[in-house]
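Listed below are the residues making up each chain.
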Amino acid sequence: IERTLSIIKPDATRRNLTGAINKKFEDAGLRIVAQKRILLSEAQAGEFYAVHKERPFFGELVSFMASGPVVVQVLEGEGAISKNREVMGATNPSDAAPGTIRAEFAESVGENSVHGSDAPETAAEEIAFYFSGLELV
Ligand code: ATP
Ligand code: MG
């Protein structure tokens, strides 16, 4: 059974949408097997998003991700990585399919409410970035 790393971003925690977003995950058959609310420093956000270092929006992304609490979580299910990305919808909310998290809740391409791992290797790395083995059962 597959696991993926999900982040409920600061725009969503600020608007008290954690429960509404978690309901979308659970309704899609994803199980929340670990979850915590944390405040990233800009250094930690930059380390997490290091693959985007050269992108023009990197500075904006890092300051946004450190602008308020995030909820980091591990979701489990059959095909959890792709299922989660389906439930999230396209990066830009104006391209996101109706009923997806980003279509319903995201404010812009940057402040788009959720992150989800994009492949098995990145899922394993991203889960280990936020959770220790003891926190995962
Ligand atoms: P994520 O990796 O967060 O699940 P994604 O894979 O849909 O989202 P990426 O292209 O990996 O999107 O971009 C990572 C994040 O960077 C996006 O979720 C968004 O918050 C931010 N981002 C992407 N493109 C832009 C942009 N043009 N302007 C501002 N921020 C952006
Ligand atoms: Mg991505």
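Residues numbered from 1 in each chain as written. Chains lettered and ligands numbered in written order. Predicted model: local features only at pLDDT ≥ 70, side-chain atom pairs only at ≥ 80, totals over all residues. Heavy atoms only, no water.

For the chain, the name recorded in an unreviewed UniProt entry is Nucleoside diphosphate kinase, with Pseudoroseicyclus tamaricis as its organism. A UniProt comment under Cofactor (unreviewed entry) is attached to the chain, and it reads "Mg(2+)". Under the UniProt heading Subcellular location (unreviewed entry), the note attached to the chain is "Cytoplasm". (UniProt positions renumbered as here; feature names shortened; annotations may be inferred.)

(A) Geometry of the site of ligand 1. Neighbouring ligand 1 are 17 residues, the closest being Lys9, Thr91, Gly110, Asn112 and His115. Between ligand 1 and Thr91 there is a distance of 2.3 Å, counted from an oxygen atom to a side-chain nitrogen or oxygen. A distance of 3.3 Å is found between an oxygen atom of ligand 1 and a side-chain nitrogen or oxygen belonging to Arg102. Look at ligand 1: alone it shows 570 Å² of surface, and the protein chains cover 81% of it. Elements with a minimum of two residues in the shell around ligand 1: α4 (58-65), α5 (80-88) and β4 (114-116). When residues of the shell around ligand 1 are assigned to their parent elements, the largest contribution, 3 residues, is made by β4. Taken together, the residues of the shell around ligand 1 break down into 6 nonpolar, 6 polar and 5 charged. (Near = heavy atom within 4 Å. Polar contact = N/O pair within 3.5 Å; in protein donor to acceptor, adjacent residues only side chain to side chain. Areas by Shrake-Rupley, 256 points an atom, 1.4 Å probe, with all protein chains shown as cover. Helix = DSSP H or I, 4+ residues; strand = E, 2+ residues; numbered from the N terminus. Nonpolar A, V, L, I, M, F, W, Y, C, P; charged D, E, K, R; others polar.)

(B) Representation of the UniProt feature "binding site: ATP" (unreviewed entry) in the chain within the structure. When the UniProt feature table is mapped to this numbering, "binding site: ATP" (unreviewed entry) covers Lys9, Phe57, Arg85, Thr91, Arg102 and Asn112. Here Lys9 lies in the loop between β1 (2-8) and α1 (10-14). Lys9 gets classed as buried once you look at its relative accessible area, which sits at 5%. In contact with Lys9, not counting residues within four places along its chain, are Tyr49, Phe64, Met65, Pro69, Val70, Arg102, Gly110, Asn112, Ser113, Val114 and His115. Within the secondary structure, Arg85 sits in helix α5. (Buried < 20%, exposed > 50% of the residue type's maximum accessible area, 1.4 Å probe, protein only. Contact = heavy atoms within 4.5 Å.)

(C) Representation of the UniProt feature "active site" (unreviewed entry) in the chain within the structure. Look at the UniProt record and you will see "active site" (unreviewed entry) annotated at His115. If you trace the backbone, His115 turns up in strand β4.

(D) A look at the pattern of salt bridges. On inspection of all chains with the given rule, the structure shows 6 salt bridges. In this structure, Arg15 and Asp11 form a salt bridge, with 2.7 Å as the shortest nitrogen-oxygen distance. On the accessibility criterion, Arg15 (33% relative accessible area) is partly exposed. Residue Asp27 pairs with Lys23 through a salt bridge whose shortest N-O separation is 2.9 Å. Taken together, the residues span about one helical turn, with Asp27 and Lys23 both in helix α2 (residues 18-27) at a distance of 4 residues. Accessibility expressed as a relative area gives 56% for Asp27, which makes it exposed. When salt bridges with common partners are traced through the structure, they connect Asp11, Arg15 and Glu107 into a single cluster. (Salt bridge = Lys/Arg side-chain N within 4 Å of Asp/Glu carboxyl O.)

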